[in-house]
Structure formats: structure tokens, C-alpha cells
Amino acid sequence: MSSQARELTYLKAIVEAQREEMLRDERVILIGENIDIYGGSPLFDTFDEKRLRNVPISENSFAGMGIGAALTGLRPIVDLTIASFVYLAADQIINQAAKLRYMTGGQLSVPIVFRACTYYNICNAAQHSDRPYPFFMNVPGLKIVAPATPRDMKGLLKAAIRDDDPVLVFEDMNLWTQKAEVPTDPDFLVPIGKADVKIEGSDVTLVSIAGCLPRVMGAAHGLRAGGIAAEVVDLRTLVPMDRQTLLESVAKTHRAVIIDNSHRTGSVASEVSAVIAEEGFHSLRAPIQRVTTPDVQIPYSAALEKPLYPSEERIVAAVKRVL
Amino acid sequence: MPHEQQSSESSSSQGRLTREAALEGYRRMVRIRRFEEEAMRRATAGEFSGMHSSSGQEAAIVGACLALRDDDYITGTHRSHGHPIGKGADLKPLMAELYGKATGICRGRGGSMHLADRKVGIIGESAIVGGGIPLATGAGLSIQVRGSDQVSLCFFGDGAANQGTFAESLNLAAIWKLPVIFFCENNLYAISTPVVKSHGQPDVAKRAGGFGIPGVIVDGQVLSEVYEATAAAVARARSGAGPTLIEAKTYRYDEHCLGLQVPIAYRTAEELAAYRSQKDPLSLHRAELARYGVNAGDVADIEKKVAAEVAEAVSVARESPFPDPAEVYDYLFSNPIHYPPDSGR
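The rules we used
- Residues numbered from 1 in each chain as written.
- Chains lettered and ligands numbered in written order.
- Predicted model: local features only at pLDDT ≥ 70, side-chain atom pairs only at ≥ 80, totals over all residues.
- Heavy atoms only, no water.
- Helix = DSSP H or I, 4+ residues; strand = E, 2+ residues; numbered from the N terminus.
- Rg over C-alpha atoms; globule rule 2.2 N^0.38 Å.
- Buried < 20%, exposed > 50% of the residue type's maximum accessible area, 1.4 Å probe, protein only.
- Contact = heavy atoms within 4.5 Å.
- Core = buried A, V, L, I, M, F, W, Y, C linked by side-chain atoms within 4.5 Å.
- Expected span 1.5 Å × (residues − 1).
- Buried area = accessible area lost by both parts, 1.4 Å probe.
- Salt bridge = Lys/Arg side-chain N within 4 Å of Asp/Glu carboxyl O.
- Polar contact = N/O pair within 3.5 Å; in protein donor to acceptor, adjacent residues only side chain to side chain.
- Nonpolar A, V, L, I, M, F, W, Y, C, P; charged D, E, K, R; others polar.
- Disulfide = S-S within 2.5 Å.
- Pairing = 2+ DSSP bridges.
- Axes fitted to C-alpha atoms, helices over the stretch in contact; angles between N-to-C directions.
- Phe/Tyr/Trp six-rings, centres within 6.5 Å; stacked < 30°, edge-to-face > 60°.
- Lys NZ or Arg CZ within 6 Å of the ring centre and 35° of its normal.
- Parallel < 35°, antiparallel > 145°, perpendicular 65-115°, else oblique.
- Left-handed = near helix turned anticlockwise from the far one by under 90°.

Q: Could you give me a rundown of the overall build of chain A, with the residues and numbers involved?
A: Looking only at helices and strands, chain A has 11 helices and 14 strands in total. Here the C-alpha atoms of chain A give a radius of gyration of 19 Å, agreeing with the 20 Å that 2.2 N^0.38 yields for 323 residues. Judged by the C-alpha coordinates and their principal axes, chain A covers about 55 × 45 × 45 Å. Residue burial in chain A is summarised as follows: out of 323 residues, 63% are buried. Within chain A, residue pairs in contact and separated by at least 24 positions form 78% of the contacts whose partners lie at least 6 positions apart.

Okay, structure coming up:
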């Protein structure tokens, strides 16, 4: 792999991943609403409407159309934009994309990427603020990634496009402007199914899920200043979950705090917690802690909304409870 | 009562059936009918769980399939047995699938509602009503992007016409002139709900005008008529002119599914008897075959060969092994992810 890198924002990493894969493989197409004005618009410099399909507001059918194209030789990317809209396409994603390979005994293959961006903490109220990844973890047959850095976004989105199975790629709009060095090698990939230890530490494991990472890193740096060495494990892929990395970290630190933007009941944190409890219980010296969004709808007013999401303060408080 | 033939679109009938195609059409209809009759007997005897019979709808299915090439795509429905047989599939893996065997077309993962055989172009038999319509539309998109001259044909029922996917997908196909044939097998009842009680007006094909595409109504019991309308739609799709909605008025002989006890008289015994006696697709086509100069011996020969084929399919299905429970994760992902059983997964 080339060692060259350049600085990209998280948003630019999404565009570049798609551009590179569309240049590399003519079977890759992009389907989505208003892609000519939103995130996909820079791609119109390079590609035309044959492969960039601006669609009417018909989420279930354009998601299914992507699946049909995937079944017959293309590798579509379906941009569902705001993650709350994924529910409109859920029938096709769950009943067709996730099931067709299995139900046909492997006769069919569904190489498709569904992109969805979590918008939250920006006063959009409940119908534009969902973080719905845990729902889809209960659907065998879907792979789910939720990258939190420009590097991981580019590498995982490219890996998702090259994967032969349906992959849900969840983005976080609060990270769009984050910048970092990203390898320029067009074959740079981040493997699906591998967590990443962002900071090594020995006192407590902080499991970061999706866009929580900057807050988890902030909390870890603050703890470090106070003499507590937190290990930050960025899960990156939700399905298949990298249980080995999780369990190895907890075996070392003996304590686990899991940070997740999704609602508490049936959250990603719930599943991570269950894995650690079932398979790492004897490593633990304190109860597992989850820092999540409470089970309440997302309100419009910032005064009500902002306190709901995991914050550095809440993460640090949870760490204090297990030490 | 059997319906009258109507035509809302003056689609010129291209390509009348040749004698050879007319015979092949009969052979395929007989294969569906005898497969269904035998499967119903075996399921009733408890050899496997339920099924949705296609008996009565053979001309609609086969007439459409005869107008397609081997490399054209099809999506189908929960009433899934007829579509692969109509497109020419081998009966043995289909019957083995009903028995849940390892030799089944879907390796025992699909069953009666999902007899999708990719070898004959089937990319899904959806038991979610209306679920296959976007898939067929996507196949049309793929054909257009790849610059191929294939077409995609979507079988769905009158019930599916009331799903959102119907309206959404017809619109998508219309926008880009995708090479898709939306083929409604209108058997007049969504389980027990008649079309007249679930549609604002009874003709699904009339909805095509709202999307700016042609809509054609054909007598779904008459193979040649279905074939001619589909051949015209296929020619239109291959030429780049876009999609067509075809509505074949047809009728199912059996209940919605085996074992379903419908406590209301949603259709009359007289209606069913009238279809069987006056509008049976096999009987009607036998009369047509005579006009092609096909003699009774040729017809009997087809019946005999199909009977042997069905008997062999049952025999192979019965003798085949069940799938190994240790392989239950196979086909979930392209690169299998196996969880250790002792972890409770």
C-alpha cells in the first residue's frame, strides 16, 4: 500500500470513496434523491445520469430497484439520505436484500450499499433525528458499518462497495467537517468486521459506537490528564461484530463503558454489553456501564435535545462509577 | 362468470405462435398443472407443509414466458410454482424444495412460496405482496445501464396492484423507459377479497395511463392471446420504448393456499364450475392445437412424458437427504460468518 496520504474531511471522504469505486468498476452506480445538489453533486463532474440516478421520493421502490440491479450485474449505492427515511425502505432492505441470498440457497447475490446519514443534535425534531442502526442488527444477512473518522469512512465505504453482500453504511452529519489524513491509494480499504483500538490503555475500556468517537476521545484525553488510562475501542463495524477485540480489551482493563447514540433499549450498547457479559464476565471487576440516549423521542428545542446524547461529562461519570 | 375479453390498447399482435411454440406452450401448461395436482396430493397426504396452487392460471404464466428469451429476467410471487416451470425449469429441484430437501432448488431455505430458479432467469419469488415489483424494475435499470437487450418481466397479482411498490415502480420505469413488462395475473381475488371490493375500478391495466405507459388487458385463459400481447410488450421494451402493463384476467381453481378454510362464500361453486368447464386454459389450448394440425396422439404423448417427469421428481425428492443442520448458516453471507453454537447464537 502506498504510504501517501492527504487531508480530507469526513464528507469529502464519502465523495472520494464513491468516485474511486465508480472509476474502478463501471458496475457501480449511485441512486438517491436530489443527489445532484447534495453530497453526490461533485460526482456529476466525472459521471453522467446513466450512472447517477436522481430518483423521485419513492424510498421503498428505489431501494428495491437497487436490489434488482444488484441481482443482475450492477453494484449499486443507494443513498437514503436522512437515516429516519430508512424505515420507508425497510421492507425492501429487510425482506429482499437481507434474505434473497439465503432464501435462494446461494443462487442470488446482493452486492449493494445502503447509505444513511444520522442527523441529530441540530433541532430537527423526532422525524429527522433517528440513529436506527440497532434495528438492522436484528436482521441476519445485513452487514452494518458506522465509521467515525475520514480514514475509516473512506476505507469502509470502499470495502462495502466491493463486498458481495448488502452493507448498510451509517454516516454521522456531526462529523462532516472533521479532517484527517486519508491514504490516497485507490485500493486502500478498511476491512468490514474489524474494530480499531484508537487509544491503548489499561484501566477501562471505552467502546465507542458510530459518531460518538470524538466525545469518547475527548473523555479519554481528560481521564488521561487525571491519571486514568482509558482504552478506546472504536467498534466501526456493528455486524459482524469484532468480539475478539472487545473481549481482549476487557480482559486487559477489567472494566467496560459502552457509548452509543442510539436509544437505550435494544441499543448497539445492549448487544456489546451482552457479548462482554456472556463471554468476558470473569474478566470484569465492575458492572458494565452503558452511556446512551434515553428512551424518549427527540424533541425540537435545543434545551431539551442537547442533554439527551452521550457527552464527555456523562462518559467520565460512567468511568468513575466503575473504577 | 367468465369475463369478456377487453383490450384498452391497440397493441398490434406481433408474432403469432408457431406450431412448435404452440405445442411447447401446451407442454409447459401441462407440466404446471400436473406438478400442482401431484404436489397438492402429496401435501394433503402430509409429505410436506402447505402450498399455493397455480392451477387455472397456466395460460397467463406460460403465455408470458413463451414471449421471453432464456436470458430475460422474471420476478414472481408466493404462488411461485408456475413461474419457473413456465420458463422451462427442471421439475426435480422444484419438487425437492417442496419437500425441504438438500437437493431443492433453494437448498431447503425457500420452500413452496419461493421456487426461484436462477438458471431460467428468476431473480426472486416474493411472498411479500408487491415485493418483487421493484426488483424487476431494478433488473430493467441494470439492463439499461449495461446496454444489454434483455428484458425483465414482473409477475404480480391483483392484490399487489394496491401496494405502494406498484405505483412507485411503474413511475420509475416510465421515467427512464426501462425494459420492463409489468404482468398482472388478476385472478379476481386477494385471498377472499374480490377485486370489485378492493379496487376503485376493476381493471388494473387502466392505471397505466396515469404513468404514461401502455396498459393492455388480455384473456388470461387463452395462451395465444397472452403470448401475443406479451410479445408486443417485449418488442417495445427491447426497442427502448419502455415499459408496458399487461393485465391477464385469470382464475385460480384451488383455495388461496392448501388447508385454508375460508368461512365465507366469497365466490360461488357455479363460478368455479363455469371456469373449469368453459375457460380452462388447457382445454382451450387443445382446441387451438387442433387448428394447428396437432393430433390427439401428440397431445397424449405430451401428457405421458409429463406424467413420467412429475413421478420422477417426486421420487427424487422423497429419496433426497434433508439438509444438514450444521450447515444452517450457509448462504447467509457470501463469506460465511459462523457463530459458535455454545455462545447462544
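Structure shown, so let's carry the discussion forward.
Q: Give me the nonpolar core: which residues, what numbers.
A: Counting residues in hydrophobic clusters, the biggest one holds 82 residues, and the most contacted among them are F114 and V272 of chain A together with F156 of chain B. With near-sequence residues (within four places) excluded, F156 of chain B lies in contact with T77, I133, A161, F166, F182, F183, C184, E185 and L245 of chain B. Core analysis: the next-biggest nonpolar cluster, separate from the first, contains 65 residues, V30, A116, I122 and L153 of chain B among them.

Q: I'd like to hear about helix α6 (residues 164-176) of chain B, residue by residue, with values.
A: Residues and elements named next belong to chain B. Its 13 residues give α6 an end-to-end C-alpha distance of 19 Å, which sits within 8% of 18 Å, the value for a rise of 1.5 Å per residue. Taken together, the buried positions of α6 are occupied by T165, F166, S169, L170, L172, A173, A174 and W176. Directly after α6, the chain includes K177, whose backbone phi takes a positive value near 50°.

Q: Account for the interface of chain B and chain A, with residues named and values stated.
A: Counting residues at the interface gives 46 residues for chain B, matched by 46 residues for chain A. Note on chain B versus chain A: buried area summed over both sides is about 3,700 Å², and carbon and sulfur give 62% of it. Counting every contact that joins chain B to chain A gives 0 salt bridges. Across the chain B-chain A interface, the total number found is 16 residue pairs in polar contact (both at pLDDT 80 or more). Elements with a minimum of two residues in the side of chain B that touches chain A: β2 (122-126), α5 (132-146) and α6 of chain B. The leading source of residues in the side of chain B that touches chain A is α5 of chain B, at 10 residues. For the side of chain B that touches chain A, the class distribution of residues is 23 nonpolar, 15 polar and 8 charged.

Q: With reference to specific residues and values, describe helix α11 (residues 296-319) of chain B.
A: Along an α-helix, a turn takes 3.6 residues, which lines up residues three or four apart on a common side. All names here are of chain B. Between its terminal C-alpha atoms α11 stretches 35 Å, which fits the 34 Å expected from 24 residues at 1.5 Å a residue. Turning to α11, its buried residues are V299, I302, V306, V310, A313, V314 and A317. Tucked inside the fold, the buried residues of α11 contact α1 (19-44), α4 (91-98) and α10 (281-291). One side-chain oxygen at the N-terminal end of α11 lies 3.0 Å from the backbone nitrogen of G297; it belongs to N295.

Q: Residue-level account of the state of the cysteines, with values.
A: One pass over the full model with this rule turns up 0 disulfides over all chains. Free of any disulfide, C123 of chain A has its nearest neighbouring cysteine sulfur in C117 of chain A, separated by 16 Å. According to the relative accessible area criterion, C123 of chain A is partly exposed, its value standing at 30%. Sulfur of C257 of chain B: no disulfide; nearest cysteine sulfur belongs to C106 of chain B and is 19 Å away.

Q: Report on the sheet that holds strand β9 (residues 196-199) of chain A, specifying residues and quantitative values.
A: Residues and elements named next belong to chain A. Pairing is mixed across the open sheet formed by 5 strands, whose spatial order is β9-β11-β10-β13-β14. Of all strands in the sheet, those with a lone pairing partner are β9 and β14 (289-293), marking the two edges. Mean inter-strand twist for the sheet, computed between neighbouring axes without regard to direction, equals 25°. Bridging between β9 and strand β11 (residues 230-234) involves 3 bridges; their strand directions are antiparallel. Looking across to β11, one finds that V197 is bridged to V233. Helix-sheet contacts for helix α8 (residues 243-253) involve β9, β10 (204-208), β11 and β13 (256-263), and the interaxial angle to β11 is about 175°.

Q: Residues and numbers for the environment of T46 of chain A, please.
A: Residue and element names in this part refer to chain A. Mapped onto the elements, T46 comes out in the loop between β2 (28-32) and β3 (52-54). Here T46 is in contact with R19 and L23, once residues within four sequence places are set aside. A distance of 2.5 Å separates the side chain of T46 from the side chain of R19, its partner in a polar contact.

Q: Go over the sheet that holds strand β3 (residues 152-157) of chain B with me, naming the residues and quoting the values.
A: All names here are of chain B. The parallel open sheet is built from 6 strands, whose spatial order is β2-β1-β3-β4-β8-β7. Across the chains shown, the open sheet's two edge strands, defined by having one partner strand only, are β2 and β7 (215-219). When the angles between neighbouring strand axes are averaged without regard to direction, this sheet yields 15°. Across 6 bridges, the pairing between strand β4 (residues 180-186) and strand β8 (residues 244-249) is parallel. The partner of F182 across the bridge, within β8, is L245.

Q: Residues and numbers for the packing of aromatic side chains, please.
A: Evaluation of the coordinates by the stated rule reveals 10 aromatic pairs over all chains. A ring pair is formed by Y251 of chain B and Y275 of chain B, whose centres lie 3.9 Å apart and whose planes are at 5°; its orientation type is stacked. Here the residue Y251 of chain B occupies a position in the loop between β8 and α9 (269-278), and Y275 of chain B occupies one in helix α9, the gap between them amounting to 24 residues. Here Y251 of chain B and Y275 of chain B have matching classes, each one buried. The lysine or arginine in question, R53 of chain A, covers the ring of W176 of chain B, its NZ or CZ lying 4.7 Å from the ring centre. A cation over an aromatic ring shows up here: K101 of chain B above the ring of F322 of chain B, its NZ or CZ 4.8 Å from the ring centre.

Q: Which residues make up the packing of helix α2 (residues 59-71) of chain A against α5 of chain B, and what values do they have?
A: For any two helices packed against each other, one specifies the inter-axial angle together with the distance between the axes. Direction vectors running N to C along α2 of chain A and α5 of chain B enclose 55°, while the axes themselves pass 6 Å from each other. Compared by their axis directions, α2 of chain A and α5 of chain B come out oblique. In the crossing of α2 of chain A with α5 of chain B, the sense of the turn from one axis to the other is right-handed. Judged by residue contacts, S61, G64, M65, I67, G68, A69 and L71 of chain A of α2 of chain A engage P134, L135, T137, G138, A139, L141 and S142 of chain B from α5 of chain B. Of the residues assigned to the contact of α2 of chain A with α5 of chain B, the class counts are 8 nonpolar, 6 polar and no charged.

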